[in-house]
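Coordinate inspection notes
For reference, the chains in residue letters:
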Amino acid sequence: ESRWRTDQSTATFVVAANDSTALAKAKADYVADGTSDETEINSALAALPAGGGTVLLLPGTYTVDGAIDVNTNEKLIGLSEASVTITIPNSHNTDINIIDVNGASDIELSGFTVDGNKANQTAGIMRGIYNVTATDSNHYIHNLIVQNMENDGMIDGADNKTIENVKVLSNGETFGHGISISISGTDNVLITDSIISGNAGNGIDNSNSSVTDFVISNNVVGSNGGRGISTTAHSI
C-alpha cells in the first residue's frame, strides 16, 4: 500500500523524479534516478493490484530510454503538464514509444508533458503515445502536452477514445502526424478542446475509411506541414 497520505491519497503508488524535492522523495513509493526512469515507473505500474489503479508522477523530469508500459485498468497521472516532463536523453537514436498502451483497455493518461527531444536525435522511430490495437479500449487522454517527437506525436487505434485538452506540438522531423487514427476497426473517437500545431505531417490524420462516430470539435489546428485535418472516414 502506498505511503502517500496527503490530498493525493487516491493514488495507489507515487513516483518522484530525480530532481523532485527532498520532501517529495521522502513521501514517494519509488524514486527515479534520472537514467532509465521507465524502470521505476514500470515497477510502480506492475505493483498495482490486479484490478488496476493509479500511478502518480510528482513534479520533475523523468528521462527514459525505454517504453513506459500502461496496462489495462491503469492510470498514469502527473500533477500537471507544466510541472511533470517525460523525455528521452540526447543521442538516444533508437526506436522508442515513450508511452506504450498497446492492447490495453480502460486506461487514463493525464497531467504531464511528453517531450521527444528531437533536436538532439539523428536516427530512430520515436513516438509519444502508441497503440495500434483496435479494441473496445476506453482510452481517456487529457491535459497533456506531446511535443518534439521525431515521428508521430500520438498514434492510437483504440475504440471509445476521448482526447481532450491536449497540446500536440512540433512533432515529426521530416514527416510525422500530430495525432494519427489509422487502425482499421477504430470507432467512437472524440478529439476536442485541443491544440494541434507545428507538426511535420497532418495535424489530425485518419486513413481508416471504416471508422464510425469520429468527432473533431472545438480544436485549434494550424501551421502543420500537411493538412490540418485529413480523413477518409465515412462518418464524422
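Everything below is about the structure printed above this text.
So, a few notes on the structure that sits alongside this text. What you see is a predicted model, and the numbers here were worked out from it, not measured in a lab.

So, how was this worked out
- Residues numbered from 1 in each chain as written.
- Predicted model: local features only at pLDDT ≥ 70, side-chain atom pairs only at ≥ 80, totals over all residues.
- Heavy atoms only, no water.
- Buried < 20%, exposed > 50% of the residue type's maximum accessible area, 1.4 Å probe, protein only.
- Helix = DSSP H or I, 4+ residues; strand = E, 2+ residues; numbered from the N terminus.
- Arc of directions from axis to C-beta.
- Contact = heavy atoms within 4.5 Å.
- Pairing = 2+ DSSP bridges.
- Core = buried A, V, L, I, M, F, W, Y, C linked by side-chain atoms within 4.5 Å.

The subject of this paragraph is helix α2 (residues 38-46). Among all positions in α2, only Glu38, Glu40, Ile41, Ala44 and Leu45 are buried. Projected onto a plane normal to the axis of α2, the buried residues spread over an arc of 165 degrees and lie on a single side. Where α2 is buried, its residues contact β1 (13-16), β2 (30-31), β3 (53-57), β4 (60-63), β5 (68-69) and β6 (74-78).

As a further point, take the sheet that holds strand β12 (residues 154-156). The parallel open sheet is built from seven strands, whose spatial order is β5-β8-β10-β12-β14-β17-β20. Each edge of the open sheet carries a strand with a single partner, namely β5 and β20 (229-231).

Moving on: the nonpolar core. Generally speaking, a soluble globular protein has its nonpolar side chains buried in company with each other. Counting 51 residues, the largest nonpolar core has Tyr62, Leu76, Ile99 and Leu109 as its most contacted members. When near neighbours in sequence (up to four residues on either side) are disregarded, Leu76 contacts Ile41, Val55, Leu57, Ile68, Val70, Ile99, Glu108, Leu109, Ser110 and Phe112.

For the rest of this paragraph, the subject is the pairing of β6. Remark: a regular strand shows side chains that alternate across the two faces of the sheet. Along β6, four of the five residues are buried, which leaves the element largely enclosed by surrounding structure. Looking at chain direction, β3 and β6 are connected through five bridges and run parallel. Note on β6: the bridge partner recorded for Leu56 is Ile77. Looking at chain direction, β6 and strand β9 (residues 107-115) are connected through three bridges and run parallel. By the bridge assignment for β9, Lys75 is matched with Glu108.

Scope: geometric values only; no functional claims are made or implied.
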